[in-house]
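Given next are the chains, with one letter for each unit.
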Amino acid sequence: MTTVDVSPLTRPDEEEVPPWWRQAAVYQIYPRSFADANGDGLGDIPGITSRADYLAELGIDAVWLSPFYPSALADGGYDVADYRNVDPRLGTLDDFDDMVAALHARGIRVVVDIVPNHTSDQHLWFQEALAAGRGAPARERYIFREGTGPDGSEPPADWESAFGGPAWRRVADGQWYLHNFAPEQPDLNWDHPDVRADFVTTLRFWADRGVDGFRIDVAHMLTKDLTDPLPSRATLDALPRDGHHPLIDRDDVHEVYAQWRAVLNEYDPPRTAVAEAWVDPSRIPLYASPESLGQAFNFDLLEADFDAGMFRRIVADNLALAAESGSSSTWVLSNHDVVRHATRYGLARPERREDGRPAVKHGTEWVRGGGDPAALDAEAGLRRGRAATLFMLGLPGSAYLYQGEELGLHEVAEIPDGERQDPTFFRTGGEDYGRDGCRVPLPWVSSEASFGFGAGRPHLPQPAWFGDLAVDVAEQDPTSTLRLYRRALTLRERLQTAEQLEWIPTGRPDVLRYRRPNGWEVVTNFGGEPYTVTGSDADPLLASTGDAALIVPGESTLWLGPRG
Ligand code: NOJ
């Protein structure tokens, strides 16, 4: 196995250089939709390797790969059948090693996804549990219970799964098992020593292969208190999430992460981990602390409108939380679970609940409506999306980008029902159209079959308009979103520091302006009227409009700073 060591970051004249992940630009790859080298319609690991130069040219520090493990694809790979292997449709472990070597050779780190809350129902353990029958030790690795009602034909509790429908499923011998997500994703029992031991083995397996870090799926749900009698769904919903909730964000999950942290710290450099934890913001530092995973996603920007007040509050709150945990903040506008931000910003603002969060996932209503073109201002959405991206890339902390946003892709709404894959679509009877629209295979070459994704029929259909946004077209167009991302990420590499920001008053509620101690300034005009930058001796470096000048048009961002 060839690996190029990208770890040493100390320079002779410096005592200690902060770990790479604290200020990294991380590009999320959804492997089955990135690039398909063998032409079977599913993106694969050699496909990623074949695009290593593209990734290097983009100027990112790391890639995070969504699951590429063997899977029956009941939930896009988040139903893992074998945690220490590659789905044969996506390649082999040797292919994985080649990919890591190719990325490391270009200075790009590799983060992989770990899915510890549940396995696939195809996992050996679950198959054993089914075969072993009620009362067998093999069932204790999962959460099996007797049903209720006179003949046990009612579920143990009326809980609902995150994808809709009941959270308990009955097996042939009459027992029930818990699945907080799809029925093909049985929840593991984290009180079982085999479960704890096996995930440590998995972390070591990938860390030993040169993986630099881990993204931890639903990190806030592993441990559970399932003492009988089980509470009703209404009781669960009403219970405070204060560390003692039976299912969510329990304090005792941090025993797991303390053990993982010790393992990750055995490596040089220590392997990084980032928690996907949908918890009250006040509890994020528990996951992000150095004794725990080290970093946690902050999804606030991803849920915000394109709005100066919201953005400012979110930045201030999250920088404070990061400081509290000793971590650095994370910023995310798009990922594989939400409608792409260019599309969200082109739609009417979502209704919000009392706590400020959107009542429904922003944009899903539009997808369900068939993607009504009259409801989407695609141009405005992308204009605002580009402005928001530059706002985000200027912030201290790490920025997570999702494949395809650098091409200015919009959500794909026009997927026939018969081709949809997301379990939320099936489990809500089509009520929620789910997440397929941001997972459509990328367009690379406008004139080729499947726009250069691969020779086969792509596993989700690409719309004709993808052709105009293909990489080869974008490379030729100086105003393209791809060229903007490349310039922004290259500049960010030079200008990014751990130092915090200072807000500069603009006299306008719809204009935000911040400065970093090295003179890097970011001005985002969320409103309609142009804003003129005064009082800065920095040079205009880059603008989301493509035209860097001291007059910042509406819905755009300008970067100023020292010329390199
Ligand atoms: C969060 C992942 O991001 C999502 O895609 C997945 O469906 C759930 N966790 C369940 O694993």
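Refer to the preceding data block for the structure.
Computed from a predicted model, the values in this text were never measured in an experiment.

**Q** Hey, could you go over the site of the ligand for me, with residue numbers and the actual values?
**A** Residues in close proximity to the ligand total 14 residues, the closest being Asp75, His118, Asp217, His336 and Asp337. Side-chain polar atom of His118 to an oxygen atom of the ligand: 3.0 Å apart, as the coordinates give it. Between the ligand and Asp217, the relevant distance is 2.7 Å, taken from an oxygen atom to a side-chain nitrogen or oxygen of the residue. Protein burial of the ligand: of its 290 Å² of free accessible surface, 98% is covered by the chains. Among the residues making up the shell around the ligand, the classes are represented as four nonpolar, three polar and seven charged.

**Q** How would you explain the nonpolar core if you had to name every residue and give the values?
**A** Core analysis: the largest hydrophobic core is formed by 133 residues, its most contacted members being Tyr27, Leu55, Phe96 and Trp260. For this core, the leading source of residues is helix H16 (residues 481-495), giving seven residues.

**Q** Any chance you could break down the pattern of salt bridges for me, citing the residues and the numbers?
**A** In total, this model carries 41 salt bridges according to the counting rule given. The partner of Arg89 in a salt bridge is Asp87, with the nearest N and O atoms 3.0 Å apart. Relative accessible area serves as the criterion here: at 36%, Arg89 is assigned to the partly exposed category. The partner of Arg515 in a salt bridge is Glu521, with the nearest N and O atoms 3.3 Å apart. By relative accessible area, Arg515 is classed as partly exposed at 27%. Owing to a relative accessible area of 1%, Glu521 belongs among the buried residues under this scheme.

**Q** Outline the sheet that holds strand E14 (residues 521-525), supporting the account with residue identities and numerical values.
**A** The strand order E12-E13-E14-E18-E16 describes an open sheet built from five strands, whose pairing is antiparallel. Single-partner strands in this sheet number two, and they are strand E12 (502-503) and strand E16 (539-543). Two strands pair when backbone bridges link them, and E12 and strand E13 (residues 511-515) are joined in this way by two bridges, in the antiparallel orientation. Note that in E13 the partner of Trp503 across the bridge is Tyr514. The sheet contacts of helix H10 (residues 308-325) involve E12 and E13, and relative to E13 the element is tilted by about 30°. Running over the sheet, helix H13 (residues 378-393) touches E12, E13, E14, E16 and strand E18 (556-561) and is turned about 35° from E18.

About the thresholds
- Residues numbered from 1 in each chain as written.
- Predicted model: local features only at pLDDT ≥ 70, side-chain atom pairs only at ≥ 80, totals over all residues.
- Heavy atoms only, no water.
- Near = heavy atom within 4 Å.
- Polar contact = N/O pair within 3.5 Å; in protein donor to acceptor, adjacent residues only side chain to side chain.
- Areas by Shrake-Rupley, 256 points an atom, 1.4 Å probe, with all protein chains shown as cover.
- Nonpolar A, V, L, I, M, F, W, Y, C, P; charged D, E, K, R; others polar.
- Core = buried A, V, L, I, M, F, W, Y, C linked by side-chain atoms within 4.5 Å.
- Buried < 20%, exposed > 50% of the residue type's maximum accessible area, 1.4 Å probe, protein only.
- Helix = DSSP H or I, 4+ residues; strand = E, 2+ residues; numbered from the N terminus.
- Salt bridge = Lys/Arg side-chain N within 4 Å of Asp/Glu carboxyl O.
- Pairing = 2+ DSSP bridges.
- Contact = heavy atoms within 4.5 Å.
- Axes fitted to C-alpha atoms, helices over the stretch in contact; angles between N-to-C directions.

All quantities given are derived from atomic positions and should not be read as evidence of function.
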